[in-house]
Amino acid sequence: MSPATPNSELSLAVACSPLGDESQARELAAELAIPFLGAVKPKLVSDFPVLLLFDEQGLCLQVTGKGAPGPVRAEFVSGKAGYRREHGGGTGQLVAKAIGLQKTRVPLHVVDATAGLGQDAFVLAGLGCRVTLFERNPVIHALLADGLARAALNTDCAPIIARMTLRAGSSRAWLESLEESEEGEAADIVYLDPMFPHRDKSALVKKEMQVFRTVVGDDDDTGELLAAALKAAAYRVVVKRPRKAPAIDGPEPATRIEGKSSRYDIYPIKALPSGNA
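These notes cover the structure that comes with them.

Conventions we followed
- Here the residue numbers are simple positions, counted from 1 along each chain's written sequence.
- Only residues with pLDDT of at least 70 are given local features in this predicted model, and only at 80 or more are side-chain atom pairs given and counted; all residues enter the totals for whole chains, interfaces and linings.
- Side-chain measures here rest on the full set of heavy atoms in the structure, leaving out hydrogens and waters.
- The helix count covers DSSP runs of H or I at least four residues long, the strand count covers runs of E at least two residues long, and both are numbered beginning at the N terminus.
- Exposed residues in this analysis have more than 50% of their type's maximum accessible area, buried residues have under 20%, and partly exposed residues fall in between, with area computed by a 1.4 Å probe over protein chains only.
- We call two residues in contact when some of their heavy atoms are within 4.5 Å.
- For our purposes a nonpolar core is just a set of buried Ala, Val, Leu, Ile, Met, Phe, Trp, Tyr and Cys residues, chained together by side-chain atoms within 4.5 Å.
- Each pair of strands is called paired provided DSSP finds at least two bridges between the two strands.
- For helices, the axis comes from a line fit to the C-alpha atoms of the stretch in contact; other axes are also lines fit to C-alpha atoms, and the angle between any two N-to-C directions lies between 0 and 180 degrees.

### Quick word on the overall build of the protein chain
From N to C terminus, the protein chain includes nine helices and eleven strands. The proportion of buried residues among the 277 residues of the protein chain is 48%. Within the protein chain, counting contacts between residues at least 6 apart in sequence, those at least 24 apart form 64% of the total.

### What to know about the nonpolar core
If you look at the biggest cluster of nonpolar residues, it comprises 54 residues, and the most contacted ones within it are L52, L61, I99 and M164. Counting residues per element, this core draws most heavily on helix α5 (residues 138-151), at seven residues. Residues F134, L226, V237 and I248 belong to the second largest nonpolar core, which totals 19 residues.

### Examining the pairing of strand β8 (residues 187-192)
Judged by how many residues are buried, β8 sits mostly within the fold: six of six residues are covered. As defined by bridge partners, strand β5 (residues 109-112) adjoins β8 across three bridges and the pair is classed as parallel. Counterpart to D112 in the pairing with β8 is Y191. Sheet analysis places β8 next to strand β9 (residues 233-242), joined by five bridges and oriented parallel. Its bridge partner being in β9, V190 is matched across the sheet by V237.

### Focus on the sheet that holds strand β7 (residues 164-167)
An order of β7-β6-β5-β8-β9-β11-β10 is seen for the seven strands of this open sheet, with the pairing classed as mixed. Pairing within the sheet leaves two strands with one partner each, and these edge strands are β7 and β10 (255-258). Averaged over all adjacent pairs, the angle separating strand axes in this sheet is 20 degrees, with direction ignored. For strand β6 (residues 130-134) and β7, the ladder comprises four bridges, and the chain directions are parallel. When the sheet's bridge partners are listed, V131 is paired in β7 with M164.

Given below as structure tokens:
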């Protein structure tokens, strides 16, 4: 999954704050082929509903206009990711159980084919997995790349980030090409967390989800991606879904792990290796 241009229906621009990196902002605007506004105050911008904004903390996604929610960025050092890193519960976390980390001591290669802002990938890398991340939307990809680069400068996070590799291009194409790939590139686990059509407004209260839907839209090819994942994964495919959402098109999952708001549909292929690394 990957391409290349932001949502064609979205009017988007790049800007910077007075303390932001203007050269990086100009470079990103040129890369995405979208306007560069220079230094602006987002609440005063009316021509673009969303900005990619470089501020003193790095790159963020900012809805414009008065009363807009705060910035959304890929953050691994502080906030929720930082707290979860220090107090997250280890392999007892639902995503870790779904991947199967309680059943093996062998370090696994997890391909996060729909990485978003990389939160689950960061948890898995923190638990020892090698994680390859794909994010096909170029706006979210840019946010993720910025977050990973900033976290790599933090002493506590650097060893975790070292196990995370963000790749360009299509995760689906990459998965479909694994038969021809070099040894060591095989995907032990493929992890999917796709966007999907959602009409329940109560589930859109998080500012991240509101902004994501503005920028990304829905993933319409999840059935095809699941099919590619099932052919590529050595041990299992795990799909994260809202707890009450239907399974994505394809075979029924063999089992599910449910939390309060989300669940993990598990498609086993063969038993995980159980020996020591």
